[in-house]
Amino acid sequence: KQEVTQIPAALSVPEGENLVLNCSFTDSAIYNLQWFRQDPGKGLTSLLLIQSSQREQTSGRLNASLDKSSGRSTLYIAASQPGDSATYLCAVSGTDYKLSFGAGTTVTVRA
Amino acid sequence: GEEVAQTPKHLVRGEGQKAKLYCAPIKGHSYVFWYQQVLKNEFKFLISFQNENVFDETGMPKERFSAKCLPNSPCSLEIQATKLEDSAVYFCASSLRAEDTQYFGPGTRLTVL
């Protein structure tokens, strides 16, 4: 059974600082990995998807890396803004395509 | 549509009553996934569909849960005889192909009293 862990559980930074969110998974036989953002009481917004054959993906201020062999992914958010405050979730899929989620990292960016 | 739509937004049921949730996937997407979010961030996969066919139902408590995706109709998730522990937010997601990005709807919050 795939276990996904996200560290830290919570993070508070001043505006402008770079954010580093970590995700680890126990079974390296993944098909892809997705990073999501969830605002309180809302659904999930997909941020980035990395296929198992890729090492990283970038979108604007977001960059996600994937090291499948060691079971790790890192999401970097550059020059954080108060609007980046949310819970960030990492999810991996195997060949069955269903997502296994981590418990999330709750980020607060202080103005 | 361009977004996954879920109705209703909130649903309150007495223990033992039936609950039915609906999901309209993004137009053109062939795959639909249902997840249950209990507590704050604990997600559990329930079932997935490829068009109207069940793709994977390994997460479904089959004795009380059922789901359908019929042509030209929203997909549905039905819970017969709800229990207190069914209280959760139920999310639907759709993807173009199984291996593509899963786009999530806003969820339905089910409260069982």
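In what follows, the structure referred to is the one given above.
It should be emphasised that the depicted structure is a prediction, and the values quoted were computed from it without experimental measurement.

Draft legend 1. Here's a closer look at the interface of chain B and chain A. Between chain B and chain A, the residue contacts involve 19 residues of the former and 22 residues of the latter. Of the roughly 1600 Å² buried between chain B and chain A, counting both surfaces, carbon and sulfur atoms make up 56%. For chain B, the biggest contributors to the area lost against chain A are Asn41, Phe43 and Glu99 of chain B; these three give 32% of the whole. At the junction of chain B with chain A, the criterion picks out 1 salt bridge. Among the ionic pairs, Asp56 of chain B bridges to Lys98 of chain A, the shortest N-O distance being 3.7 Å. Here chain B and chain A share 6 residue pairs in polar contact (both at pLDDT 80 or more) between them. Those elements giving two or more residues to the side of chain B that touches chain A turn out to be strand E4 (31–38), strand E5 (42–50) and strand E6 (53–56) of chain B. The biggest single contributor to the side of chain B that touches chain A is E4 of chain B, with 3 residues. For the side of chain B that touches chain A, a count of residues per class yields 9 nonpolar, 6 polar and 4 charged.

Draft legend 2. Examining the sheet that holds strand E3 (residues 19–25) of chain A more closely. Residues and elements named next belong to chain A. Taken in spatial order, the 5 strands of this open sheet run E1-E3-E8-E7-E6, and their pairing is antiparallel. Pairing within the sheet leaves two strands with one partner each, and these edge strands are strand E1 (4–7) and strand E6 (56–59). This sheet shows a mean twist of 15° between the axes of neighbouring strands, independent of strand direction.

Draft legend 3. View of the nonpolar core. Among the nonpolar cores identified, the biggest contains 24 residues, and Val32, Trp34, Leu77 and Tyr90 of chain B are the most heavily contacted of them. Those elements giving two or more residues to this core turn out to be strand E3 (19–24), E4, E5, strand E7 (65–68), strand E8 (75–79), strand E9 (88–95) and strand E11 (108–112) of chain B. Core analysis: the next-biggest nonpolar cluster, separate from the first, contains 22 residues, Val13, Trp35, Ile77 and Val109 of chain A among them.

Draft legend 4. Focus on the pattern of salt bridges. Residue and element names in this part refer to chain B. Inspection of every chain in the model, using the stated rule, returns 10 salt bridges over all chains. Notably, a salt bridge pairs Lys18 with Glu78, separated by 3.4 Å at the nearest N-O pair. Note that Lys18 is positioned in the loop between strand E2 (10–13) and E3 and Glu78 in strand E8, a separation of 60 residues in sequence. For the salt bridge of Lys62 with Glu57, the shortest nitrogen-to-oxygen distance reads 3.5 Å. The partly exposed category is assigned to Glu57, whose relative accessible area is 35%.

Draft legend 5. Looking closely at the side chain of Thr101 of chain B. You can see Thr101 of chain B is positioned in the loop between E9 and strand E10 (103–104). Taking the relative accessible area as the measure of exposure, Thr101 of chain B reaches 15% and is therefore buried. If we skip the residues at most four places from it in the chain, Thr101 of chain B touches Gln34, Ser46 and Leu49 of chain A together with Ser94 and Ser95 of chain B.

Draft legend 6. Structural detail: the side chain of Gln34 of chain A. Locating Gln34 of chain A in the fold gives a position in strand E4 (residues 32–38). Exposure remark for Gln34 of chain A: the relative accessible area of 1% places this residue in the buried category. There is a polar contact of 3.1 Å between the side chain of Gln34 of chain A and the backbone nitrogen of Gln102 of chain B. For Gln34 of chain A, the contacting residues outside a window of four places in its chain are Ser46, Leu48, Leu49, Leu89, Cys90, Ala91 and Leu99 of chain A together with Asp100, Thr101 and Gln102 of chain B.

Draft legend 7. Seen up close, unusual backbone geometry. Cis rather than trans, the peptide bond between Ile7 of chain A and Pro8 of chain A has omega equal to 0°. When you line up the elements, Pro8 of chain A lands in the loop between E1 and strand E2 (10–14). Of note, the amide linkage connecting Thr7 of chain B to Pro8 of chain B takes the cis form, showing an omega dihedral of -10°. Positive phi outside glycine occurs at Asn51 of chain B, with the angle close to 55°. Mapping Asn51 of chain B onto the fold places it in the loop between E5 and E6. One non-glycine residue, Asn72 of chain B, lies in positive phi territory at about 60°. Among the secondary structure elements, Asn72 of chain B is positioned in the loop between E7 and E8. Relative accessible area serves as the criterion here: at 84%, Asn72 of chain B is assigned to the exposed category.

The rules behind these values
- Residues numbered from 1 in each chain as written.
- Chains lettered and ligands numbered in written order.
- Predicted model: local features only at pLDDT ≥ 70, side-chain atom pairs only at ≥ 80, totals over all residues.
- Heavy atoms only, no water.
- Contact = heavy atoms within 4.5 Å.
- Buried area = accessible area lost by both parts, 1.4 Å probe.
- Salt bridge = Lys/Arg side-chain N within 4 Å of Asp/Glu carboxyl O.
- Polar contact = N/O pair within 3.5 Å; in protein donor to acceptor, adjacent residues only side chain to side chain.
- Helix = DSSP H or I, 4+ residues; strand = E, 2+ residues; numbered from the N terminus.
- Nonpolar A, V, L, I, M, F, W, Y, C, P; charged D, E, K, R; others polar.
- Pairing = 2+ DSSP bridges.
- Axes fitted to C-alpha atoms, helices over the stretch in contact; angles between N-to-C directions.
- Core = buried A, V, L, I, M, F, W, Y, C linked by side-chain atoms within 4.5 Å.
- Buried < 20%, exposed > 50% of the residue type's maximum accessible area, 1.4 Å probe, protein only.

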